[in-house]
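Geometric and topological summary
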Amino acid sequence: MNIPRIFMIHFAGGSFYSYDFLKPYLKNFEIIPLELPGRGKRISENLITDFNLAAKDIYRQVKSFFQSNNYFMIYGHSMGAYLALKLTAMLSNERIYPVALIVSGNIGPQKFDENVCRRFQLEGELFLNSLRELGGIPDEILENYEAFNFFEPVLRSDFEVAERVTLEDFDIVNVPIAAIMGDKEDKVNQINNWKRFTTSSCRLYTLPGGHFFIYDNPNALAKIIKASFTSYL
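About the cut-offs
Residues numbered from 1 in each chain as written. Predicted model: local features only at pLDDT ≥ 70, side-chain atom pairs only at ≥ 80, totals over all residues. Heavy atoms only, no water. Buried < 20%, exposed > 50% of the residue type's maximum accessible area, 1.4 Å probe, protein only. Helix = DSSP H or I, 4+ residues; strand = E, 2+ residues; numbered from the N terminus. Pairing = 2+ DSSP bridges. Expected span 1.5 Å × (residues − 1). Polar contact = N/O pair within 3.5 Å; in protein donor to acceptor, adjacent residues only side chain to side chain. Phe/Tyr/Trp six-rings, centres within 6.5 Å; stacked < 30°, edge-to-face > 60°. Lys NZ or Arg CZ within 6 Å of the ring centre and 35° of its normal. Arc of directions from axis to C-beta. Contact = heavy atoms within 4.5 Å. Salt bridge = Lys/Arg side-chain N within 4 Å of Asp/Glu carboxyl O. Core = buried A, V, L, I, M, F, W, Y, C linked by side-chain atoms within 4.5 Å. Axes fitted to C-alpha atoms, helices over the stretch in contact; angles between N-to-C directions. Parallel < 35°, antiparallel > 145°, perpendicular 65-115°, else oblique. Left-handed = near helix turned anticlockwise from the far one by under 90°.

With four of five residues buried, strand 2 (residues 30–34) lies mostly within the body of the structure. Relative to strand 2, strand 1 (residues 5–9) runs parallel, the two being bridged by five bridges. Considered in strand 2, the bridge of I6 is made with I31.

Attention now moves to helix 1 (residues 51–63). For helix 1, with 13 residues, the first-to-last C-alpha span of 18 Å sits near the 18 Å given by 1.5 Å per residue. Listed in full, the buried residues belonging to helix 1 are F51, A54, A55, D57, I58, Y59 and V62. Where helix 1 begins, the side chain of D50 points an oxygen toward the backbone nitrogen of N52, at a separation of 3.1 Å.

Under the definition given, this model contains 14 aromatic pairs. Considering the side-chain rings of F21 and Y215, the 4.5 Å spacing of their centres and the 50° angle between planes classify their relative orientation as tilted. With F21 in the loop between strand 1 and strand 2 and Y215 in the loop between strand 6 (202–207) and helix 6 (218–231), this residue pair connects regions lying 194 residues apart in the sequence. Of the residues examined, Y215 reaches a relative accessible area of 34% and is grouped as partly exposed. Ring geometry for F51 versus F170: centroids 5.3 Å apart, planes at 50°, classification tilted. One end of the pair, F51, is in helix 1; the other, F170, is in the loop between helix 5 (145–163) and strand 5 (177–182), and 119 residues separate them in sequence. When sorted by exposure, F51 lands in the same class as F170, which is buried. The residue whose ring lies beneath K41 is F16, and the NZ or CZ to ring-centre distance is 3.9 Å.

Here we come to unusual backbone geometry. The phi dihedral of R95 falls on the positive side, at around 60°, and the residue is not glycine. In the Ramachandran plot, K187 falls in the positive-phi region, its phi being about 70° despite a non-glycine side chain. Position of K187 among the secondary structure elements: in the loop between strand 5 and strand 6.

The end-to-end C-alpha distance of helix 6, which contains 14 residues, comes to 20 Å, matching closely the 20 Å that a straight helix rising 1.5 Å per residue would cover. All of the buried residues in helix 6 are P218, L221, A222, I224, I225, S228 and F229. The buried residues of helix 6 occupy an angular sector of 155° when projected down its axis, which confines them to one face. What points out from helix 6, more than 90 degrees from its buried face, is the exposed set K223 and T230. Residues of helix 6 that are buried make contact with strand 1, strand 3 (72–77), strand 4 (100–104), strand 5 and strand 6.

Further remarks concern the pattern of salt bridges. With the rule as written, the count across this model stands at nine salt bridges. Note that R42 and E45 form a salt bridge whose closest N and O atoms lie 2.8 Å from each other. With a shortest N-O distance of 2.6 Å, E94 and K63 are connected by a salt bridge. One end of the pair, E94, is in the loop between helix 2 (79–92) and strand 4; the other, K63, is in helix 1, and 31 residues separate them in sequence. One network of salt bridges, with partners in common, ties together R42, E45 and D57.

Here we take up the nonpolar core. Counting 43 residues, the largest nonpolar core has L91 and W194 as the members making the most contacts within it. Elements supplying a minimum of two residues to this core: strand 1, strand 2, helix 1, strand 3, helix 2, strand 4, helix 5 and strand 5. Setting aside residues no more than four positions away along its own chain, L91 makes contact with Y59, V62, K63, F66, F72, I74 and I96.

On to the sheet that holds strand 6, then. With parallel pairing, the six strands of this open sheet are ordered in space as 2-1-3-4-5-6. Two strands close off the open sheet at either side, each with one partner strand: strand 2 and strand 6. For this sheet, the mean inter-axis angle between neighbouring strands, taken without regard to orientation, is 20°. Looking at chain direction, strand 1 and strand 3 are connected through five bridges and run parallel.

So, about the packing of helix 1 against helix 2. The N-to-C vectors of helix 1 and helix 2 enclose an angle of 60°; their axes lie 9 Å apart at closest approach. The angle between the axes of helix 1 and helix 2 places the two elements in the oblique class. Here helix 1 runs over helix 2; the crossing is right-handed. In this structure, helix 1 uses F51, N52, A54, A55, K56, I58, Y59, V62 and K63 to contact helix 2, whose residues at the interface are Y82, L83, K86, L87, M90 and L91.

Read these as geometric descriptors, not functional statements.
Written as structure tokens, this is what we have:
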């Protein structure tokens, strides 16, 4: 068997390098980080604020790999979980199926609550406070005007990608799902919402921590990824 691949889709504000911390724990996998424009290796390209355009961009990156090795999984955290589900459906339409879809930091698509202010629309200190609550962004960036001024447009565009999605943007897939959340995340008790989006199995996990629990639990996260691959072959 060829070395299994895992395509990894970053969270809001993330980049090609967001999952480097997992590489030592997934040495038997070919890790392929995907990246939206406007950051990292694609810093010179225009940012995307539309979910479906972002999904098409990710899809084009993945399609170029399907020459010989079809043993693969798709993983996405937070915003990346939405894009991972969409990508899985797009590939499934061409009869290309991942061994498993792994999603974290996200309860899955649901009807948007119109009474909730979307993060990308917040201004000034309200936006900064929402980022502090979310975690994952070093204080030296949040407290440094020049650094944050550079980073803010990327965050806002990604939040808009994630926060404008509707249920109509998604299809149910026939691929096993592993959904993981931090036990201190908001709505962690709704993680079983992911069961609505697959006709296959759906395994649910919680790990200690908040929204960015992935950085505190790399070994446990890697074990779930490995188990998801071997369980469904």
